[in-house]
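What follows is each chain in one-letter form.
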Amino acid sequence: MTITYHVFAKKYKVYVFSRKNNLEEGCSTRTMASDQAEALKMLGIKKAKVLGISQGGMIAQYLAIDYPELVEKLVLAVTSSRQNSLSQDVVEKWIIMAEQKDYKSLMIDTAEKSYSEKYLSKYRPLYPILGKLGKPKDFSRFLIQAKSCITHNAYLELDTIACPTLIIGGECDKIVGVEASKELADKIKKSKLFIYSGLGHAAYEEAKDFKERILVFMS
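Read on for an overview of the structure. (Residues numbered from 1 in each chain as written. Predicted model: local features only at pLDDT ≥ 70, side-chain atom pairs only at ≥ 80, totals over all residues. Heavy atoms only, no water.)

## A look at the packing of aromatic side chains
Inference 1: Per the stated rule, a full pass over the model turns up five aromatic pairs.
Inference 2: Look at Tyr-15 and Phe-17: their rings are 6.4 Å apart centre to centre, the planes differ by 20°, and that puts the pair in the stacked class.
Inference 3: The exposure class assigned to Tyr-15 is partly exposed, which follows from its relative accessible area of 32%.
Inference 4: For Phe-17, a relative accessible area of 33% corresponds to the partly exposed category.
Inference 5: Consider the rings of Tyr-115 and Tyr-119, whose centres lie 4.3 Å apart with planes at 10°: the pair is stacked. (Phe/Tyr/Trp six-rings, centres within 6.5 Å; stacked < 30°, edge-to-face > 60°. Buried < 20%, exposed > 50% of the residue type's maximum accessible area, 1.4 Å probe, protein only.)

Below you can see the structure in the form of structure tokens.
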């Protein structure tokens, strides 16, 4: 378990899921949710409190829609139920960068669109080395995930999510936009909405009370 979630581990047994290492071409967020459900069942987890951030939130939507018996409570952070003009434009540009294997530009653009100006002012001096750290051997997995974001559309099924849901957005989100969070809250019946003022897509990293806010909701 990554140290990022140590606060949750004080009260809960924490499982951190990612997408499969070898994703099939054309894999959708719904298929990824099916993979998550299978993993939960194999681990013997009959009911979980689920936190989904960004694309993880897209996957979590389908987990709650298709496997409601597995989800006790749901947190959807800086995510969307369907693509809008902002997210479509951002992700399509990332796809082009990945296809060109321009890792440095991809990392810089992701940072610029995710973090607040206050945060970026401290870390921009590191940009020159971004192209050298963590560069993948190939971009096929990233491209499959990016394309699954573009085609994600759970909007018409959100009203079937029956569990209590906390939706967290960033007022200055430059990737999915703050309206995406409001749209989720409007469609999910048992939902609460909280928007971080002055923060963007990386509110989950920058907001000091992000984890504590989720703990209160889950408790």
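Having seen it, we continue.
## Some points on helix α10 (residues 210–218)
Inference 1: Where α10 is concerned, the buried positions are Phe-210, Ile-214, Leu-215, Phe-217 and Met-218. Mapping the buried residues of α10 onto a view down its axis gives an arc of 160°, with all of them on the same face. (Helix = DSSP H or I, 4+ residues; strand = E, 2+ residues; numbered from the N terminus. Arc of directions from axis to C-beta.)

## Side note on the packing of helix α4 (residues 85–99) against helix α5 (residues 103–114)
Inference 1: Their axes nearest at 9 Å, the elements α4 and α5 cross at an angle of 160°. Considering the angle they form, α4 stands roughly antiparallel to α5. The element α4 and its partner α5 pack so that their crossing is left-handed. Contacts between α4 and α5 pair Val-90, Trp-94 and Met-97 from the former with Ser-105, Leu-106, Asp-109, Thr-110 and Lys-113 from the latter.
Inference 2: When the residues that make up the contact of α4 with α5 are grouped by side-chain class, the tally is four nonpolar, two polar and two charged. (Axes fitted to C-alpha atoms, helices over the stretch in contact; angles between N-to-C directions. Parallel < 35°, antiparallel > 145°, perpendicular 65-115°, else oblique. Left-handed = near helix turned anticlockwise from the far one by under 90°. Contact = heavy atoms within 4.5 Å. Nonpolar A, V, L, I, M, F, W, Y, C, P; charged D, E, K, R; others polar.)

## So, the sheet that holds strand β1 (residues 48–53)
Inference 1: If you walk across this open sheet you meet the four strands as β1-β2-β3-β4, and the pairing is parallel. If you trace the sheet from one side to the other, it starts and ends with β1 and β4 (191–196), each paired once. Strand-to-strand, the axes of this sheet are offset by a mean angle of 15°, without reference to chain direction.
Inference 2: Where strand β3 (residues 165–170) and β4 come together, six bridges link them in parallel fashion. Looking at the pairing, Thr-165 lines up with Ser-191 of β4. (Pairing = 2+ DSSP bridges.)

## Topic: the packing of α4 against helix α7 (residues 140–151)
Inference 1: For the pair α4 and α7, the least separation of the axes is 10 Å and the interaxial angle reads 160°. Here α4 lies roughly antiparallel to α7, going by the angle between them. In the crossing of α4 with α7, the sense of the turn from one axis to the other is left-handed. Here Gln-88, Val-91, Glu-92, Trp-94, Ile-95, Ala-98 and Glu-99 of α4 lie close against α7, whose contacting residues are Phe-142, Leu-143, Ala-146, Lys-147 and Ile-150.
Inference 2: Classifying every residue of the contact of α4 with α7 gives eight nonpolar, one polar and three charged.

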